[in-house]
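In case you want the letters, here they are:
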Amino acid sequence: HNPPVMDDHKRPLNAEGNPTNNPEEMIYRNPHCHIMLTVRPIAEDGSWEAKSKQQYVCIRDGENGKETKNFTAEEFKTAQADGWKKQYQFKDGKDKIWLTQEEGELRGLERVNKFPKTIKLQNEKTEIWNSRESLLIWRERWAVSANEALEEAGKDARIDHRSYADQGLDQIPTVHMGPRVMQLEKEGNETDIGSLNRQIKAENSYIQKLREQLSEMVDSVIKAVDETKEKAKSLYEKTAHKLESIRARFIGSSYRIEAYDETRKKVEFSLKNGSRLTNVKRAEERRRESERKEKTYVKKSHSLQEELAGLSRVEELLRGKKLQSRISDIQLKLEKLHETDNMIYRECGFDSADEVKAEYKRCLKEEKKLTRIEAYIRELRGTCNNDKNDFRSISSNVSEEDKAPLDQERIRIRGEYEEMVQSDLQKEFGAGYDQDRFTRTAKSADKKLSYDDGQEGKVNIHEMLEKGKEEIQSREEGRDDVSKESHNRLGRD
């Protein structure tokens, strides 16, 4: 079905956002279907099968003490002959314990009920039906069918049922927005989910930019290699660019995590320091309650004044004083209401209702900002974890013979990658950019980006790089020329 777009009161809307009862004016943008499937298995003859089978938890005396085993009702008929017995629950003082019937009677205990101890064994068909493996098969079949339909319809669009990770895409998935959030965003209203998705897209754009720059560099290297026939050198450069690009992205994400976490702490401190948020919410709740009461009093007072003004001379003599008294009572209630308001405002640290209202809006804005920052930090940490795994995977496949020329190439290109990520951070943070933080983050990243060499545990490649070119060159001089087989192995890696 394709339900129309509706407002908060479940009324269909037209293109201008106004309620309408005309189906031709309604907006339809969410066609979908609901598929309901039974989870109860059906036998080949069409009869229903049980979702699960019941098994008795039985016990017997064995050579090494008590033995426990589970039997169906049919299996138990045979198992009895081998000494297996059902267990029942008995009262032992305040406790309840499981014993065989003979053990319970021997100890003189009262049985709780007539039901033996059992477990449920799920039907294999139901287990397969509800399995993750079946879900993945269905998702794949849906993608195939949908793409076949798109091709028959002459459409270029295609869908992929796999996650970004399974597709090998280094991207952060966005959060599902839903029709209501989509409508709010289209109307120009900023939502938390929309803001989070914009931040994710910005991060993906940053990742894509690095990927494109890396691709351009690799293409440039390949072209140079084709011209000079230095095939071995191209392999080193390609691997070095991969490692340094991952390192640069890791540094950028780590810098952002630290910077935004600092902002998060400031916002959190601002909200909670001196019970600020608690006082604001208490004062705002009082302000709203007082505003409702004041409207009621004012409305009643106006009504009485209009009634008084419309009295004749005779009616005024008969009812005038009573009406005036009721009006005065309302005025006294208003004054008392305002006195109570001001007392509560002062207790919460405010001088007026306007000040309370303004401060409450500021707190709401800070709470939303805090939520967005926390979500962004979580996404950045996920990116760092993926980069760390990728870096270790590539580094651990480099042989000992190839480390010297590869490390030398990485030192040569490291500066341009660091300048690239520094430039992006300077644009993003402006005057708030901190060079000391960048330096600290880079050193921390070098400690975290390590690989397992299979002998000495975790080895930090960057500690070797920091020793400088002289050590690398001396290590290189101690070896013969890199063999052709070594080059081929690096290329396969």
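### So, the pairing of strand β3 (residues 88–92)
Then, number 1: Bridge analysis of β3 against strand β4 (residues 95–99) gives five bridges, and the strand direction is antiparallel. Bridged to Phe 90 within β4 is Ile 97.
Then, number 2: Across three bridges, the pairing between β3 and strand β5 (residues 110–116) is antiparallel. Each residue of the ladder has a partner; that of Tyr 88, found in β5, is Pro 116.

### Let's talk about the environment of Gln 183
Then, number 1: Note that Gln 183 resides in helix α6 (residues 178–186).
Then, number 2: Taking the C-alpha atoms as reference points, Gln 183 and Gly 17, 166 residues apart in sequence, are found 9.9 Å from one another.
Then, number 3: Leaving out residues up to four positions away in the same chain, Gln 183 has contacts with Val 5 and Arg 29.

### Observations regarding the packing of aromatic side chains
Then, number 1: Per the stated rule, a full pass over the model turns up seven aromatic pairs.
Then, number 2: Plain terms: the ring middles of Tyr 260 and Phe 429 are 5.6 Å apart, the flat faces sit at 50° to each other, and that makes the pair tilted. Linking Tyr 260 in helix α8 (residues 231–272) with Phe 429 in helix α12 (residues 400–429), this pair joins segments that are 169 residues apart in sequence.
Then, number 3: The rings of Tyr 255, Tyr 260, Tyr 376, Phe 429 and Tyr 433 are connected pair by pair, giving a single aromatic cluster.
Then, number 4: One Lys or Arg, Arg 111, reaches over the ring of Tyr 88 and ends 4.1 Å from the middle of that ring.
Then, number 5: When the ring centre of Tyr 206 is taken as origin, the NZ or CZ atom of Arg 256, which lies over that ring, is 4.7 Å away.

### A look at the confidence of the model for the protein
Then, number 1: Per-residue confidence for the protein gives a mean pLDDT of 83; residues scoring 70 or more make up 89%.
Then, number 2: Highest mean pLDDT in the protein belongs to β3 (95); lowest belongs to helix α16 (residues 484–492) (40).
Then, number 3: Note that pLDDT drops below 50 for residues 478–493; the model gives that stretch 23 contacts with residues more than four away or on any other chain.

### Comments concerning the side chain of Ser 134
Then, number 1: For Ser 134, the location among the structural elements is in helix α4 (residues 132–152).
Then, number 2: Apart from the residues lying within four places of it in its own chain, the contact partners of Ser 134 are Ile 128 and Trp 129.

### Some remarks on the sheet that holds strand β2 (residues 65–71)
Then, number 1: An order of β2-β1-β6 is seen for the three strands of this open sheet, with the pairing classed as antiparallel. A single partner strand is all that each edge strand has here, and the edge strands are β2 and β6 (118–122). Averaged over all pairs of adjacent strands, the angle between strand axes in this sheet comes to 35°, irrespective of strand direction.
Then, number 2: In this sheet, β6 lies alongside strand β1 (residues 52–62) in antiparallel orientation, the contact comprising five bridges. Looking at the pairing, Gln 55 lines up with Ile 119 of β6.

### A short note on the nonpolar core
Then, number 1: Counting 35 residues, the largest nonpolar core has Tyr 255, Tyr 417, Leu 425 and Phe 438 as its most contacted members.
Then, number 2: Those elements that place two or more of their residues in this core are α7 (192–228), α8, α11 (353–395), α12 and α13 (435–448).
Then, number 3: With ten residues, α8 is the single largest residue contributor to this core.
Then, number 4: Sequence-distant contacts of Tyr 255, defined by excluding residues within four places in its chain, comprise Leu 425, Phe 429, Gly 432, Tyr 433, Asp 434, Arg 437, Phe 438 and Thr 441.
Then, number 5: Ranked by size, the runner-up nonpolar core spans 13 residues in total, among them Leu 277, Val 280, Ala 283 and Tyr 360.

### Quick notes on the packing of α12 against α13
Then, number 1: At a closest axis distance of 12 Å, the pairing of α12 and α13 adopts a crossing angle of 130°. Considered as vectors, α12 and α13 are oriented oblique to each other. α12 and α13 meet at a crossing whose hand is right-handed. Residues Arg 414, Glu 418, Val 421, Gln 422 and Leu 425 of α12 lie in contact with α13, whose contacting residues are Gln 435, Phe 438 and Asp 446.
Then, number 2: When grouped by side-chain class, the residues that make up the contact of α12 with α13 number three nonpolar, two polar and three charged.

### Quick look at the pattern of salt bridges
A side chain with one charge can pair with a side chain of the opposite charge if their charged atoms come near.
Then, number 1: Considering all chains together, one arrives at 34 salt bridges under this definition.
Then, number 2: The shortest N-O distance in the salt bridge between Glu 409 and Arg 412 comes to 2.5 Å. Separated by three residues within a single helix, Glu 409 and Arg 412 lie in helix α12, roughly one turn from each other.
Then, number 3: Overlapping salt bridges bring together Glu 244, Arg 247, Arg 410, Arg 414, Glu 418 and Asp 446 as one network.

### Description of the environment of Lys 403
Then, number 1: Looking at the element boundaries, Lys 403 is found in helix α12.
Then, number 2: Considering only alpha carbons, one finds Lys 403 and Tyr 236, 167 residues apart in sequence, at a separation of 9.3 Å.

### Some points on the sheet that holds β4
Then, number 1: The sheet built from three strands is open, its strands ordered β4-β3-β5 with antiparallel pairing. At either end of the open sheet lies a strand with only one pairing partner, and these are β4 and β5. Sheet twist, expressed as the average angle between the axes of neighbouring strands with direction ignored, equals 25°.

### A closer look at α12
Then, number 1: The end-to-end C-alpha distance of α12, which contains 30 residues, comes to 41 Å, matching closely the 44 Å that a straight helix rising 1.5 Å per residue would cover.
Then, number 2: The largest bend in α12 comes to about 40°, at Ile 413.

### Overview of the packing of helix α9 (residues 276–309) against α11
Each pair of packed helices can be described by the angle between their axes along with the distance between the axes.
Then, number 1: Where α9 contacts α11, the axes come no closer than 9 Å and their chain directions differ by 130°. Our classification of the angle between α9 and α11 gives oblique. Judged by the sense of rotation from one axis to the other, the crossing of α9 with α11 is left-handed. Between α9 and α11, the residues in contact are Arg 276, Leu 277, Val 280, Lys 281, Ala 283, Glu 284, Arg 287 and Arg 288 and Ala 353, Val 356, Lys 357, Glu 359, Tyr 360, Arg 362, Cys 363, Glu 366 and Glu 367, respectively.
Then, number 2: Residue classes in the contact of α9 with α11 are distributed as seven nonpolar, no polar and ten charged.

What counts, and at which threshold
- Residues numbered from 1 in each chain as written.
- Predicted model: local features only at pLDDT ≥ 70, side-chain atom pairs only at ≥ 80, totals over all residues.
- Heavy atoms only, no water.
- Pairing = 2+ DSSP bridges.
- Helix = DSSP H or I, 4+ residues; strand = E, 2+ residues; numbered from the N terminus.
- Contact = heavy atoms within 4.5 Å.
- Phe/Tyr/Trp six-rings, centres within 6.5 Å; stacked < 30°, edge-to-face > 60°.
- Lys NZ or Arg CZ within 6 Å of the ring centre and 35° of its normal.
- pLDDT = per-residue confidence, 0-100.
- Axes fitted to C-alpha atoms, helices over the stretch in contact; angles between N-to-C directions.
- Core = buried A, V, L, I, M, F, W, Y, C linked by side-chain atoms within 4.5 Å.
- Buried < 20%, exposed > 50% of the residue type's maximum accessible area, 1.4 Å probe, protein only.
- Parallel < 35°, antiparallel > 145°, perpendicular 65-115°, else oblique.
- Left-handed = near helix turned anticlockwise from the far one by under 90°.
- Nonpolar A, V, L, I, M, F, W, Y, C, P; charged D, E, K, R; others polar.
- Salt bridge = Lys/Arg side-chain N within 4 Å of Asp/Glu carboxyl O.
- Expected span 1.5 Å × (residues − 1).
- Bend = angle between axes of the 7 residues up to and from the residue.

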